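# Report on the structure
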Amino acid sequence: MHFDTLALRATHQPDPATGAVVAPLHLSTTFARDTANELPGPYIYSRANNPTREALETALAQLEGGRVAMAFSSGQAAAMTIFQALRPGDHVLIGTDAYYGTPALLEEVFHPWGLTYTRVDMRDLNAVQSSLHENTRVVWCETPSNPLLHITDLLTVSRLAHEAGAIVVADNTWASPALQRPLDLNCDVVMHSTTKYLSGHSDVLGGALIFGKDDAFAQRVRQLQTLSGAVPSPFDCWLVSRGIKTLGVRMRAQMATAQAVAEFLDGHPAVEAVHFPGLSSHPDRALIQQQMNGPGAMLSVQIRDTDGGNGATEALRFIGKLNLITRATSLGGVESLIEHRASVEGPNSKTPKNLLRMSVGLEHPDDLIADLAQGLS
Ligand SMILES: *Cc1c(COP(=O)(O)O)cnc(C)c1O
């Protein structure tokens, strides 16, 4: 089945009780027992499970080709629960280019708690292999990476990790299951910030984990979630399910526009570099064609410095002139956003100071390019 059809099928659940074509929203926190004290279904209390959340989880498992899925209150809550399922003394391997919040969780929360971690360039397979230790439990991959759009060879990293007795968690937020299915590439767990492409309208905060196997690790993660309560509201789950219905068509349109925007920026004299998996100059082209169905709609651009500084002034002046593209963090919505990553990431940021990250939305490409052109002029 094609992805578009699968996304519709997975989220389209007419209500047998009423015939409602759109699945109802179950806000109830608790579920009634009959005179014999029996529950009519599997639901007891919504921290443990809820019909609207379960509908989203079933859909997510189908989209990623997994056995079991869990919806969380944010992407960070999902990542946090993976690390909570490890033990003091365990080791995590994570890329040098990654969403800054993930290594920040490891440094600020889990390092004091006894986890160790190593940051490695995930494109350097020899470095990955030599950084895998006896106590390495998780290899955390993010591809394309944030914000430099590096590509990780998921099949090979999974083989190396499994040989060393570790599991691979793939943050699939940027590609989304419309373009990449890490479980098919032998990864063990897929993580999402559903805040981004899956919901798609910048109006829900959510996260998800999808497991290839319903094994002891998956059950431990579920237990931690149920006990600690990092769960999304039913309304947020309902909104993510609604977003998924249009994911395929949104991604196709946004991707085509991102290609046009990247090609425009790539040739511009005020631009030093463009990072976008759809450019023929991207160093990982072969891998992109092998493991992705398209380049996605995220790109980063480095602005040329003109006064012997680090280019931050030129980058900030450029985005200050934009009229159509909104200056804001986050990504994956229908509106185009641009941001100076180093400003958001703070003093420990490793991101080049002249780098701007753009999430390309559903505006017409000509209008976006016109706005960028006047900003760069
Ligand atoms: C946004 C994002 C996260 C964090 O998700 P939240 O929903 O903001 O908690 C993690 N990974 C990537 C790649 C992201 O873009």
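So, here's what we can say about the structure. (Residues numbered from 1 in each chain as written. Predicted model: local features only at pLDDT ≥ 70, side-chain atom pairs only at ≥ 80, totals over all residues. Heavy atoms only, no water.)

Before going further, it helps to spend a moment on the site of the ligand. Taken together, 14 residues surround the ligand, and among them Gln76, Asp171, Ser193, Thr195 and Lys196 come closest. Asp171 has a polar side-chain atom sitting 2.7 Å from a nitrogen atom of the ligand. For the ligand, the accessible surface in isolation is 380 Å², of which the surrounding protein chains cover 91%. Within the residue set of the shell around the ligand, elements represented by two or more residues are α3 (75-84) and β6 (189-193). Looking at side-chain class alone, the shell around the ligand contains four nonpolar, seven polar and three charged residues. (Near = heavy atom within 4 Å. Polar contact = N/O pair within 3.5 Å; in protein donor to acceptor, adjacent residues only side chain to side chain. Areas by Shrake-Rupley, 256 points an atom, 1.4 Å probe, with all protein chains shown as cover. Helix = DSSP H or I, 4+ residues; strand = E, 2+ residues; numbered from the N terminus. Nonpolar A, V, L, I, M, F, W, Y, C, P; charged D, E, K, R; others polar.)

We now examine the packing of α3 against helix α7 (residues 216-228). The description of two packed helices rests on the angle between their axes and on the distance between the axes. Interaxial distance between α3 and α7 falls to 9 Å at its minimum, and their mutual angle equals 120°. As summarised for this structure, α3 and α7 are arranged oblique, according to the angle between their axes. Of the two possible hands of crossing, α3 and α7 adopt the one that is right-handed. Between α3 and α7, the contacting residues are Thr81, Ile82 and Gln84 on the first element and Phe217, Val221, Leu224 and Gln225 on the second. Among the residues making up the contact of α3 with α7, the classes are represented as four nonpolar, three polar and no charged. (Axes fitted to C-alpha atoms, helices over the stretch in contact; angles between N-to-C directions. Parallel < 35°, antiparallel > 145°, perpendicular 65-115°, else oblique. Left-handed = near helix turned anticlockwise from the far one by under 90°. Contact = heavy atoms within 4.5 Å.)

Turning our attention to the side chain of Thr152. Mapped onto the fold, Thr152 is located in the loop between β4 (136-142) and α6 (154-163). The contacts of Thr152, once residues within four sequence positions are left out, are Met122, Cys141, Glu142, Thr143, Val157, Leu287 and Gln291.

Moving on: the packing of aromatic side chains. In total, this model carries seven aromatic pairs according to the counting rule given. With centroids separated by 5.5 Å and ring planes inclined at 40°, the aromatic side chains of Phe31 and Tyr43 adopt a geometry described as tilted. Here Phe31, found in the loop between α1 (3-11) and α2 (51-64), pairs with Tyr43, found in the loop between α1 and α2; they are 12 residues apart in sequence, far enough to count as distant. Like Phe31, the residue Tyr43 is buried in the burial classification. Ring centres 5.5 Å apart and planes at 65° place the aromatic pair Tyr99 and Tyr100 in the edge-to-face group. Residue classification places Tyr99 among the partly exposed residues on the basis of a relative accessible area of 25%. We classify Tyr100 as partly exposed; its relative accessible area is 32%. Feature note: the residues Phe83, Phe110, Trp113 and Trp140 constitute an aromatic cluster, connected by ring pairs. (Phe/Tyr/Trp six-rings, centres within 6.5 Å; stacked < 30°, edge-to-face > 60°. Buried < 20%, exposed > 50% of the residue type's maximum accessible area, 1.4 Å probe, protein only.)

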